[in-house]
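Residues per chain are reported as follows:
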Amino acid sequence: MKAYRIPLIVLSLAAAPAYAADADLSLTNDSVKGQVNFFDTNSDIQVGTGYTYHEGSRHIGNVDFHAQGRTAIGNLPTTAGIGVRAIGWDDDRLDGGAVALGGFATVNVPDVPGLSFTGGLHYAPSILSFGDSDELTSLELRGSYRVIRNAELFAGYRYLNTDFDGRGDLNLDEGVMAGMKIFF
């Protein structure tokens, strides 16, 4: 990562509390991702934006828009959302993106206060893809534990893949991740 980008990232994260509900930072062996969400889980919508830097000079940005609400899976309290994730990426010789449809669910475990599990899946067929992307799949699974009232630690798995028209596919970001989320 170029040193001149570090002050921009630090400034962006420092300004986040003024407009955000939460911010998270996650790491894989090959990437770092920052995500800011602008509404809390009690809101009827969720809007967020994120940036991922992947080793080898790959840049990935996303903007999320979901309708969300409270529900239950079994007897477990759940927050679920359905909507779109717009993803754009740039590599040395290739670039592309997509508007992926999908959603997420966060299941809280009442017997273990602070423990939750989140899964999100978004998919864009070729009609919703552009540039060098022909299809795009985004999957994220995580287990979280709220350490204090306004911060949690998490671990999980992230998978972001795009297909090329008749030329195979590329894992834009994949791996076991760990991180933290701060609530404002």
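Since we're looking at a predicted model, the values are computed, not measured.

A. Region of the structure containing the overall build of the protein chain. Per the secondary structure count, the protein chain includes one helix and 11 strands. Shown N-terminal to C-terminal, the secondary structure of the protein chain runs as helices and strands in the order α-β-β-β-β-β-β-β-β-β-β-β. Residue burial in the protein chain is summarised as follows: out of 184 residues, 37% are buried. The contacts in the protein chain between residues at least 6 apart in sequence include a share of 45% that link residues at least 24 apart. Working note: accessible area of the protein chain is about 10,000 Å², and carbon and sulfur atoms make up 63% of it.

B. Quick look at the pattern of salt bridges. Inspection of every chain in the model, using the stated rule, returns six salt bridges. Residue Arg142 is joined to Asp24 by a salt bridge in which the shortest nitrogen-to-oxygen separation is 3.5 Å. You can see Arg142 sitting in strand β9 (residues 135-148) and its partner Asp24 sitting in strand β1 (residues 22-27), a full 118 residues away along the chain. Per residue, the accessibility class of Arg142 equals that of Asp24, and both read buried. The salt bridge involving Arg85 is made with Asp64; its shortest N-O contact spans 2.8 Å. Of this pair, Arg85 sits in strand β5 (residues 76-90) while Asp64 sits in strand β4 (residues 58-73), placing them 21 residues apart in sequence. The network of salt bridges with shared partners includes Asp24, Glu140 and Arg142.

C. Focus on the nonpolar core. Ile60, Ile87, Trp89, Ala98, Ala100, Ala124, Leu136, Leu160, Phe164 and Leu172 together form the largest nonpolar core, which totals 10 residues. Discounting chain neighbours no more than four positions away, the residues touching Leu136 are Ile87, Ala98, His122, Tyr123, Ala124, Ser129, Leu160, Asn161, Thr162 and Leu172.

D. Expanded view of unusual backbone geometry. Phi at Ser57 takes a positive value of approximately 70°, unusual for a residue other than glycine. By the element assignment, Ser57 lies in the loop between β3 (45-54) and β4. When its relative accessible area of 30% is taken as the criterion, Ser57 is described as partly exposed.

E. View of the environment of Leu153. Its location among the elements puts Leu153 in strand β10 (residues 151-163). Between the alpha carbons of Leu153 and Arg142 there is a distance of 10.0 Å; along the sequence they are 11 residues apart. Beyond its immediate stretch of four places on either side in the chain, Leu153 contacts Gly143, Ser144, Tyr145, Val147, Gly179 and Met180.

F. Summary view of the side chain of Glu152. Inspection of the secondary structure assignment puts Glu152 in strand β10. Side chain to side chain, Glu152 and Ser144 meet in a polar contact 3.4 Å long. Not counting residues within four places of it along the chain, the set of residues in contact with Glu152 comprises Ser144, Tyr145, Arg146, Val147, Gly179, Met180, Lys181 and Phe183.

G. The arrangement of a nonpolar patch on the surface in detail. A contiguous nonpolar surface patch, about 800 Å² in accessible area, is contributed by Leu25, Val112, Tyr145, Val147, Ile148, Leu153, Met180, Ile182 and Phe184. Elements with a contribution of two residues or more to the nonpolar patch: β9 and β11 (169-183). Looking at the nonpolar patch, the element that brings in the most residues is β9, giving three residues.

H. The environment of Leu170, seen in detail. Structurally, the position occupied by Leu170 is in strand β11. Linking Leu170 and Ser133, residues 37 residues apart in sequence, is a C-alpha distance of 9.3 Å. When residues no more than four places from it in sequence are discounted, the contact partners of Leu170 are Arg58, Trp89, Asp91, Leu160, Asn161, Thr162 and Phe164.

I. Structural detail: the packing of aromatic side chains. For the coordinates displayed, the defined rule picks out one aromatic pair. Just above the ring of Phe154 sits the side chain of Arg142; from NZ or CZ to the centre is 3.7 Å. The positively charged end of Arg146 is found above the aromatic ring belonging to Phe183, 3.9 Å away from the centroid.

Thresholds applied
Residues numbered from 1 in each chain as written. Predicted model: local features only at pLDDT ≥ 70, side-chain atom pairs only at ≥ 80, totals over all residues. Heavy atoms only, no water. Helix = DSSP H or I, 4+ residues; strand = E, 2+ residues; numbered from the N terminus. Buried < 20%, exposed > 50% of the residue type's maximum accessible area, 1.4 Å probe, protein only. Contact = heavy atoms within 4.5 Å. Areas by Shrake-Rupley, 256 points an atom, 1.4 Å probe, with all protein chains shown as cover. Salt bridge = Lys/Arg side-chain N within 4 Å of Asp/Glu carboxyl O. Core = buried A, V, L, I, M, F, W, Y, C linked by side-chain atoms within 4.5 Å. Polar contact = N/O pair within 3.5 Å; in protein donor to acceptor, adjacent residues only side chain to side chain. Patch = residues over 30% accessible without salt bridge, like charges linked within 9 Å, V, L, I, M, F, W, Y side chains within 5 Å. Phe/Tyr/Trp six-rings, centres within 6.5 Å; stacked < 30°, edge-to-face > 60°. Lys NZ or Arg CZ within 6 Å of the ring centre and 35° of its normal.

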